[in-house]
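Overview (structure and organization)
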Amino acid sequence: MSQASPAYQDLPSVAGLLEQPLTVALQRRWGRTVITNALRQALSEARRAMAQGSPVPTAEALLIAMEAALEGQFTRGPRPVLNLTGTLLHTNLGRAVLSPAACEAMMAAAGAVDLELDLATGRRGQRDQAAEALLCALTGAEAAAVVNNNAAAVLLVLNTFGLGKEVLVSRGELVEIGGSFRIPDIMTRAGATLREVGTTNRTHERDYAQALGPNAGLLMKVHPSNYAIEGYTSEVSLKALAALGERHGVPTAFDLGAGSLVDLRRYGLPAEPQPQEAIAAGIDLVTFSADKLLGGPQAGLIVGTKDAIAAVRANPLYRALRVDKVRLAALRATLLAWDQPEPEALLPTLAQLLRPEIEIRRLAEALAPAVEGRLSEDWSVGVVPLESQIGSGAQPTTRLPSAGLALSPRGPKGRALERLAQTLRALPTPVLGRITQDAFVLDLRTLGDAETLLAALGEHPLAP
Ligand SMILES: *Cc1c(COP(=O)(O)O)cnc(C)c1O
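Because the structure is predicted, anything quoted here is derived from the model rather than measured.

What counts, and at which threshold
- Each chain carries its own residue numbering, running from 1 in the direction its sequence is written.
- With pLDDT at 70 or above as the cut-off, local features in this predicted model cover only qualifying residues; side-chain atom pairs require 80 or more to be listed or tallied, and sums for whole chains, interfaces and linings still use all residues.
- Excluded from the side-chain calculation are hydrogens and water; included are all heavy atoms of the structure.
- Secondary structure elements are taken from DSSP: a helix is a run of H or I of four residues or more, a strand is a run of E of two residues or more, and numbering for both begins at the N terminus.
- Accessibility here uses a 1.4 Å probe with only protein chains present; expressed as a share of the type maximum, an area under 20% marks a residue as buried, one over 50% as exposed, and anything in between as partly exposed.
- Every residue pair with non-hydrogen atoms within 4.5 Å of one another is taken to be in contact.
- Every accessible area reported is derived by Shrake-Rupley at a probe size of 1.4 Å, with residue values counting cover from the shown protein chains alone.
- When charges are tallied, Lys and Arg are placed among the positive residues and Asp and Glu among the negative ones, while His and the ends of the chain are skipped.
- Note on charges: their place is set at NZ of Lys, CZ of Arg, CG of Asp or CD of Glu.
- The nonpolar core is taken to be a set of buried Ala, Val, Leu, Ile, Met, Phe, Trp, Tyr and Cys residues, with the residues joined through side-chain atoms within 4.5 Å.
- Only heavy atoms are used to decide nearness, and a residue is near a molecule or strand if one of them lies within 4 Å of it.
- N or O atoms within 3.5 Å of each other form a polar contact, as long as, within protein, one can give a hydrogen and the other can take it, and as long as residues adjacent in sequence are counted only when both atoms are side-chain atoms.
- For this classification, the nonpolar set comprises Ala, Val, Leu, Ile, Met, Phe, Trp, Tyr, Cys and Pro, the charged set comprises Asp, Glu, Lys and Arg, and every other residue, Gly included, is treated as polar.
- The directions considered for the arc are those from the helix axis to the C-beta atoms.
- A pairing counts as a salt bridge when a side-chain nitrogen of Lys or Arg comes within 4 Å of a carboxyl oxygen of Asp or Glu.
- Here the axes come from fitting lines to C-alpha atoms, over the contacting stretch only for helices, and the angles between their N-to-C directions go from 0 to 180 degrees.
- Here roughly perpendicular refers to angles of 65 to 115 degrees, roughly parallel to angles under 35, roughly antiparallel to angles over 145, and oblique to all remaining angles.
- Strands pair, by our definition, only if DSSP identifies at least two bridges between them.

**Observations concerning the overall build of the protein**
The secondary structure content of the protein amounts to 18 helices and 17 strands. Considered along the principal axes of its C-alpha atoms, the protein spans approximately 90 × 55 × 50 Å. Burial statistics for the protein: of 464 residues in total, 47% are counted as buried. For the protein, contacts bridging at least 24 residues in sequence account for 73% of all contacts bridging at least 6. In the structure as shown, the protein presents an accessible area of about 22,700 Å², 52% of it carried by carbon and sulfur atoms. Here the protein contributes 44 positively and 47 negatively charged side chains, and the mean placements of these two sets differ by 5 Å.

**Some words on the nonpolar core**
Membership of the largest hydrophobic core comes to 56 residues, with the highest contact counts inside it found for Val146, Leu294, Leu301 and Leu335. Ignoring anything within four residues of it in the chain, the contact list for Leu301 reads Leu135, Ala145, Val146, Val286, Thr287, Phe288, Ser289, Ala290, Leu294 and Leu331. In terms of nonpolar packing, the next biggest core, distinct from the first, is built from 31 residues, Ala145, Ala152, Leu155 and Ala308 among them.

**A word on the site of the ligand**
Taken together, 13 residues lie around the ligand, and Ala151, Ser225, Asp255, Ser289 and Lys292 are the ones closest in. One nitrogen or oxygen atom from the side chain of Arg95 is found 2.8 Å from an oxygen atom belonging to the ligand. When the free accessible area of the ligand is taken as 380 Å², the share hidden by the protein chains comes to 94%. Breaking the shell around the ligand down by element, the ones donating at least two residues are helix H7 (150-162) and strand S10 (252-257). Residues that form the shell around the ligand fall into these classes: 3 nonpolar, 6 polar and 4 charged.

**Describing helix H18 (residues 450-457)**
Looking at H18, one finds that the buried residues are Leu453, Leu454, Ala456 and Leu457. Considered in projection along H18, the buried side chains sweep an arc of 160° and stay on one side of the axis. For H18, exposure combined with an orientation more than 90 degrees from the buried face picks out Glu451 and Ala455.

**Side note on the pattern of salt bridges**
Summed over the entire model, instances satisfying the criterion amount to 16 salt bridges. Of the charged contacts in the structure, one is a salt bridge between Arg195 and Glu166, with a shortest N-O distance of 3.5 Å. Separated by 29 residues along the polypeptide, Arg195 in strand S8 (residues 193-197) and Glu166 in strand S5 (residues 166-170) bring together distant segments of the chain. Between Glu357 and Arg361 there is a salt bridge, and its shortest N-O distance comes to 3.4 Å. On the criterion of helical spacing, the pair formed by Glu357 and Arg361 is a turn pair, its members being 4 residues apart in helix H16 (residues 357-373). Residue classification places Arg361 among the partly exposed positions, given a relative accessible area of 31%. Through salt bridges with shared partners, one network takes in Glu116, Arg124, Arg127 and Arg322.

**Let's talk about unusual backbone geometry**
Note: most residues except glycine have negative phi, and most peptide bonds are trans. A positive phi is found at Arg95, a non-glycine position, where the angle reads about 50°. Inspection of the secondary structure puts Arg95 in the loop between strand S1 (82-83) and helix H5 (100-108).

**Comments concerning the packing of H7 against helix H12 (residues 306-314)**
Between H7 and H12, whose axes approach to 9 Å, the crossing angle comes to 100°. Considering the angle they form, H7 stands roughly perpendicular to H12. Across the interface between the two elements, Leu156, Thr160 and Phe161 from H7 touch Ala308, Ala311 and Val312 from H12. Per-class residue counts for the contact of H7 with H12 are 5 nonpolar, 1 polar and no charged.

**Some details on the sheet that holds S10**
Across the sheet, 7 strands lie side by side as S4-S12-S11-S10-S9-S5-S8; this open sheet has mixed pairing. Edge positions in the sheet fall to strand S4 (143-147) and S8, since each of these pairs with one other strand and no more. Strand-to-strand twist in this sheet, taken as the mean axis angle between neighbours without regard to direction, amounts to 25°. Examined bridge by bridge, S5 and strand S9 (residues 216-222) share 4 bridges and lie parallel to one another. Looking across to S9, one finds that Glu166 is bridged to Ala216. On top of the sheet, H7 reaches S4, S5, S8, S9, S10, strand S11 (285-289) and strand S12 (300-304); it is set at about 160° to S11, its chief contact. Seen against the sheet, helix H10 (residues 238-248) touches S9 and S10 and runs at an angle of roughly 175° to S9.

Here it is in structure tokens:
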């Protein structure tokens, strides 16, 4: 006896579904193509289910399936989340939190602006002029240039001075930064030959001097930002390296990674290399990120001598790596903050970095009962001491005393923590924390106020 084949003809048509009020509303938001594709996906899943013996789904069920398909594919992208992971500069979460002034500047720059027009003369201007003037004022450099990110800054410097030449780097500084950015690989792509100098733990001035051949194009130092070599170590001072380069007519470069425009010891934190120190020591080119400790938008900053920066600007790659008006506006606003007596009052990321533990603990104590009330009865919420980290390779060994909430299952743990993490990620404003041995932990250093978290968790008890 042959089985009746599924009644596919009873399924609603794509054209019919496109006329339903819900899909009409969704088309206004996502466009006709996206909604049509999502409907086709829902229909093909329905056919698969019918082939397994399921009945013909209702139009309503198909629309729910379509919304799920939409959620999966088209609604991703930069949308606000609550970063309570305890890592301040989280590369996966967009690193620095921009200041209100930077946000206003981005809005103001959205329309037509004097990006490459000198309004005084009516002639062509240079797009990163304002940032250059500020960077020179803040670091003491003669000139500066802004590119897409610090990886681009390093690539540009290597390509400008190392193309077809040798670049000397200490063996202790052949860094890999997350996301497959390795100094030796970037060097190859820049057309430069890496000349390793010294050993992993100790590199002396004579090591550089011995390796300085006629084909040397650049003497480079890299701040080993995401690791620390301890014990019997030695590196050449910036002054000595600059002097050596000067004697041999070879330019010097220092890649700082994060770089800090103020001495972090002023805030009781360990020292972080500062661009102004490298400039004062006589280094020709200094590169650092705008979205790490600087607390600005993604950009790579190159400061240095007039000649060195002029060579960088003359490289055709500079044009390919340049920054748009919106980011330049945010960068300018961020740099302006660093020249104020209390930049921490203006820059959210710096404020989070310096937030006193006692203030974070009070916020946690105030929030714990309310957060417990938003979860099902299977969960208890307690206040725990935590340690936050800066992230993005800045000061990898620095731990900032912090506090937060530990969400623990009352019953057996099983996969409860993973399920809770998933539920919180699926909220309209996703809440991101981390899973420890026996709790799901929210570090509140980066939470502005109690209301923000409660609003994200919503009114109904979450029952993961
Ligand atoms: C982070 C880092 C980079 C890359 O900077 P991006 O802004 O991520 O492009 C390069 N060098 C060092 C030492 C770094 O720490």
